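# Overview (structure and organization)
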Amino acid sequence: MKRVIAIADRTAFASLKLLVALNVLFFLSFLVIALLAAGKARAETPVCAGADMLSALQKDDPAAYRKIETEAAATPNGKGLLWKLEKPGERPSFLFGTMHMTDPRVTTLPPAAQKAFDAADTVVIETTEVLDKQKMMAAFLKEPELMMFTDSTTLSSLLSPDDAAAVNKALDARGIPPASVAKMKPWMLSTMVALPACELARQAGGTPVLDIKLAEDAKASGKAVDGLETVADQLRAMASLPLAFHMKGLVDTLKLGDRVNDVNETMIVLYQRGDTGMLWPLFRAVLPGDEDDSASHAAFEEIMITSRNNVMIDHARPILAKGNVFMAVGALHLPGAEGLVEDFRKAGYTVTAVD
């Protein structure tokens, strides 16, 4: 029975991996609104549903769950969302890990984080370009090849006949005409299909993801708002990953169907617990460990997290030097030997987890 459950969940966890990938670039959530504008209008926001897959794993295969917990416990700085940054000569600042979602459990800050946010003079997010639609559109138009196939390639031409049929069927079920997205790069389309209907509807209705909410609240209260990257930087990072990686993720997610709700719920549960160090051990324990998967995983971590962490540190230093900053970036950037928490320590900061 345990073996059957583990195999059945592999597609779900493959989709979880894609959802994590999308959560590394929060500006992609902004695109959901524009993409959904061409789809079917929703009369009301669907009710969110989903089960925590980790709880099921803990019950049905406790040995596998303990192995994941052990590896997560060994991940440097793998527990906690709020960290205090201190350096001689500078007023203390805070680093906070976000999840790029609109779910109220995510957008409601823990008390300590809310206190740090309220007291801050400056709020920093990954990129401020998402706060200006004209700048966003201008960035997209400068490099259209990062979002669309500009040659004769189409999504269907990259799929087997069976996968193409499955993709088209799943798109129709979501109210997305396949012809309307035929030239779209797979990571753009994945933005829509890797999230549950309730999340898509909230975003399409104008509810901001956590990062944008923080920036908007900061502006409304007179705080300075700054960014660490450009939209073009983030798009280029996503586009640099192998196309096969994106295509497989798109197909697996579309085949997943309603179980994307379970994927989303699992992500939120881990986020609420502050278990940022459990995500990668979870993938490695549940996903088939073939060579291609390992290579894709390593490439993803290097390009989407480690390299961008280095850029974030460089851009954050002069901002942090002013003191009293609340820096909010995707939670996946925090843990690990090459995560932001450790990178700030290497840069001369004393970094302490805040309960």
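Each remark here, short or long, concerns the structure printed above.
To keep things clear, this report deals only with the structure shown in the data block. (Residues numbered from 1 in each chain as written. Predicted model: local features only at pLDDT ≥ 70, side-chain atom pairs only at ≥ 80, totals over all residues. Heavy atoms only, no water.)

### Some words on helix H8 (residues 133-142)
Considered for burial, the residues of H8 that qualify are Met136, Ala139 and Phe140. Projected onto a plane normal to the axis of H8, the buried residues spread over an arc of 100 degrees and lie on a single side. More than 90 degrees from the buried face of H8, the exposed residues found are Gln134, Lys135, Leu141 and Lys142. (Buried < 20%, exposed > 50% of the residue type's maximum accessible area, 1.4 Å probe, protein only. Helix = DSSP H or I, 4+ residues; strand = E, 2+ residues; numbered from the N terminus. Arc of directions from axis to C-beta.)

### Describing the side chain of Thr276
Turning to its location among the elements, Thr276 is positioned in the loop between helix H15 (260-273) and helix H16 (279-286). Overall, Thr276 belongs to the buried group, its relative accessible area being 6%. Excluding residues that lie within four positions of it along the chain, Thr276 makes contacts with Asn77, Gly78, Lys79, Gly80, Leu81, Ala331 and Pro335. (Contact = heavy atoms within 4.5 Å.)

### Structural notes on the sheet that holds strand E3 (residues 122-125)
One open sheet accounts for six strands, arranged E4-E3-E5-E2-E1-E6; its pairing is mixed. Here the strands that pair on one side only, and so sit at the sheet edges, are strand E4 (224-227) and strand E6 (350-353). Each strand of the sheet is rotated relative to its neighbour by a mean of 25 degrees, with strand direction disregarded. Relative to E4, E3 is paired through four bridges, and the arrangement is parallel. Opposite Val123, over in E4, you have Val225 as the bridge partner. (Pairing = 2+ DSSP bridges. Axes fitted to C-alpha atoms, helices over the stretch in contact; angles between N-to-C directions.)

### Description of helix H4 (residues 53-60)
Helical geometry note: an α-helix holds 3.6 residues per turn, so side chains three or four residues apart project in the same direction. What H4 keeps buried is the set Met53, Leu54 and Leu57. Seen end-on, H4 carries its buried residues on one side only, within an arc spanning 100 degrees. For H4, the capping residue at the N-terminal end is Asp52, with a side-chain oxygen 3.0 Å from the backbone nitrogen of Leu54. (Polar contact = N/O pair within 3.5 Å; in protein donor to acceptor, adjacent residues only side chain to side chain.)

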